[in-house]
Amino acid sequence: MQALYFLHMQPNRYDIIFTGGGAACRMLLYFLSKKKGFNRLRILVLEEENTTAEKTWCFWETENNPFQQLVHKEWKQLKFDAKQINIKQSIQPFTYSCINGSAFNQYFNDVFFNHHANIHILHEKINSISKEENTYTVGTATQQFKTARIFNSVPALVADTPQQMWQHFEGWFVQTETAWFDEQTASLMDFSDYEGGPFGFLYVLPFNKNEALIEYTFYSSEVYDSLVYENKIRNFLSQKNCPAYTVTKKEKGKIPLYREKIDQQTKNGIINIGGAGGLIKPSTGYAFLRMMEDCKQIADSFETNQLKRRTRHQRFLFYDHLLLKIIQEDPSCAVAIFKRLFQQQPLHRILKFLNEDSSLLDELKIFAGLPWTPFLKRISLFK
Ligand SMILES: Cc1cc2nc3c(=O)[nH]c(=O)nc-3n(C[C@H](O)[C@H](O)[C@H](O)COP(=O)(O)OP(=O)(O)OC[C@H]3O[C@@H](n4cnc5c(N)ncnc54)[C@H](O)[C@@H]3O)c2cc1C
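Fair warning: this is a prediction, and the values are worked out from it, not measured in the lab. (Residues numbered from 1 in each chain as written. Predicted model: local features only at pLDDT ≥ 70, side-chain atom pairs only at ≥ 80, totals over all residues.)

### Some thoughts on unusual backbone geometry
- Omega for the bond connecting Q92 with P93 falls within 30 degrees of zero, at 5°, which places this linkage in the cis form.
- By the element assignment, P93 lies in the loop between β7 (85-90) and β8 (95-100).
- Even without being a glycine, E133 presents a positive backbone phi close to 50°.
- Inspection of the secondary structure puts E133 in the loop between β10 (126-132) and β11 (135-140). (Helix = DSSP H or I, 4+ residues; strand = E, 2+ residues; numbered from the N terminus.)

Structure (structure tokens):
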């Protein structure tokens, strides 16, 4: 990596500016830091918040990842529930893992950034980005910064953001007085209380016999009042006869789920990463592993003229958008599709499919058991 030494005479000039300093920015910095010459690059991270919202990231994989030491809990079994359906299965060869956003951020704030004095972090809101020849100017309310390279993870700075819906959720970290949770098994989806209306389900991440995170999530175009999610969680605990419990912490958030076909990885020379770069899987909201793979590829190709990105086969984009359209237009039908899917397929096959590692044969086996009409009706979307 070649730093532009002569430019360092200008204090507001950087080799790289990261607009947005969340998960994707930190992952990319981590992978770039493994490359020779990284410490000579002058890097600015512009992040409006100086505290980051509580997030719990779950993902499944077959190998350890570079952030393995931050994994809070792993499960080898998953559960899927709906009315009259209770499936509990091993997910071999996968492990379902969970990383607390707070542990992730603590590692970066207390360890990583302390080791890399070349990274400057500034907590200011970005108001503008402009480009003249090969130089970008990034503006906040008080200052302007110049660079030849921007990695952006702020969705609002991506031009032409298509119409979207949200996966939104709120969760309770619950501590029971007596041992109650099955700590060996996480729940992926629980549709037991689904009676129609917007697509929504509950899930439970048991950290030990007395502690779990219980979240309720909806997919819709608007976010609801906290009472809506909290009543769902309260009802679940009471119907399952949960013993006396305390809510120790809460988390909430929303993830944009894009409906239209988008290619937003690079716009006007700005490299969009994370959610802003389209790395959130449209039908599920999972992004952590995808962002990690993408950031690793960007870092590995950083010194070449051709930046490499995580690629996905177009057919997965097609499946995602069809499913998202059904979720939006006919949520009850989408719930019925999920029920059929989990009743008919082993969990490991579904997880492989959702990770987009399945073969066409796997996908044929999956689709053969699903109702075709809701999908066929929506294929015109792509004409
Ligand atoms: C609550 C929650 C739970 C999730 N759980 C999972 C999960 O279990 N598994 C999974 O795979 N994915 C999950 N995701 C999806 C995904 O992994 C996260 O959204 C992830 O944080 C995306 O990383 P990012 O860097 O793209 O965005 P962020 O982490 O949101 O980073 C973007 C940053 O830009 C900053 N910013 C925005 N506007 C400006 C501005 N104008 N100026 C300066 N800074 C700005 C924001 O403050 C933010 O810190 C979850 C998302 C949420 C919201």
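### Some details on the sheet that holds strand β4 (residues 56-61)
- Taken in spatial order, the 3 strands make up an open sheet running β4-β8-β5, and their pairing is antiparallel. The strands lining the two open edges of the sheet, one partner per strand, are β4 and β5 (71-75). The mean inter-strand angle of the sheet, taken between neighbouring strand axes irrespective of direction, is 25°. (Pairing = 2+ DSSP bridges. Axes fitted to C-alpha atoms, helices over the stretch in contact; angles between N-to-C directions.)

### Focus on helix α6 (residues 331-344)
- Taking 1.5 Å as the rise per residue, α6 with 14 residues should run 20 Å; its terminal C-alpha atoms sit 20 Å apart, in good agreement.
- Of the surrounding elements, those touching the buried residues of α6 are β6 (77-82), β7, β15 (185-190), β16 (199-206), α5 (314-329) and α7 (347-354). (Expected span 1.5 Å × (residues − 1). Contact = placed C-beta atoms within 7 Å.)

### Quick look at the packing of α7 against helix α8 (residues 360-368)
- At a minimum axis separation of 11 Å, α7 and α8 run at an interaxial angle of 115°. Seen along the crossing, α7 lies across α8 with a hand that is left-handed. Every residue of α8 that contacts α7 at R349, K352 and F353 is listed here: D362, E363 and I366.
- Tallied by class, the residues present in the contact of α7 with α8 amount to 2 nonpolar, no polar and 4 charged. (Left-handed = near helix turned anticlockwise from the far one by under 90°. Nonpolar A, V, L, I, M, F, W, Y, C, P; charged D, E, K, R; others polar.)

### Concerning the domain arrangement of the protein
- Looking at the assigned domains, one finds that the protein contains domain 1 (5-50 + 123-160 + 260-300), domain 2 (164-258) and domain 3 (314-382).
- Taking the mean C-alpha position of each, domain 1 and domain 3 sit 33 Å from one another.
- By residue class, the composition of the side of domain 1 that touches domain 3 is 1 nonpolar, 2 polar and 2 charged. (Domains from an automatic or database assignment.)

### Points about the site of the ligand
- In the vicinity of the ligand there are 31 residues, among which G20, G22, A24, G253 and G274 approach most closely.
- Counting only elements with at least two residues in the shell around the ligand, the list comes to α1 (23-32), β4 and β18 (245-258).
- Per-element tally for the shell around the ligand: the top contributor is β4, with 4 residues.
- A per-class count over the shell around the ligand returns 16 nonpolar, 10 polar and 5 charged. (Near = placed C-beta within 6 Å.)

### Digging into the nonpolar core
- In this structure, L78, A186, A212 and I214 are the most contacted members of the largest nonpolar core, which totals 44 residues.
- Counting residues domain by domain, this core receives three or more from each of domain 2 (164-258) and domain 3 (314-382).
- For A212, the contacting residues outside a window of four places in its chain are V174, F181, V204, L205, P206 and F207.
- Among the nonpolar cores identified, the runner-up in size contains 41 residues, and Y136, V154, I270 and F288 belong to it. (Core = buried A, V, L, I, M, F, W, Y, C linked by C-beta atoms within 7 Å. Buried ≥ 20, exposed ≤ 12 C-beta atoms within 10 Å, placed from the backbone.)

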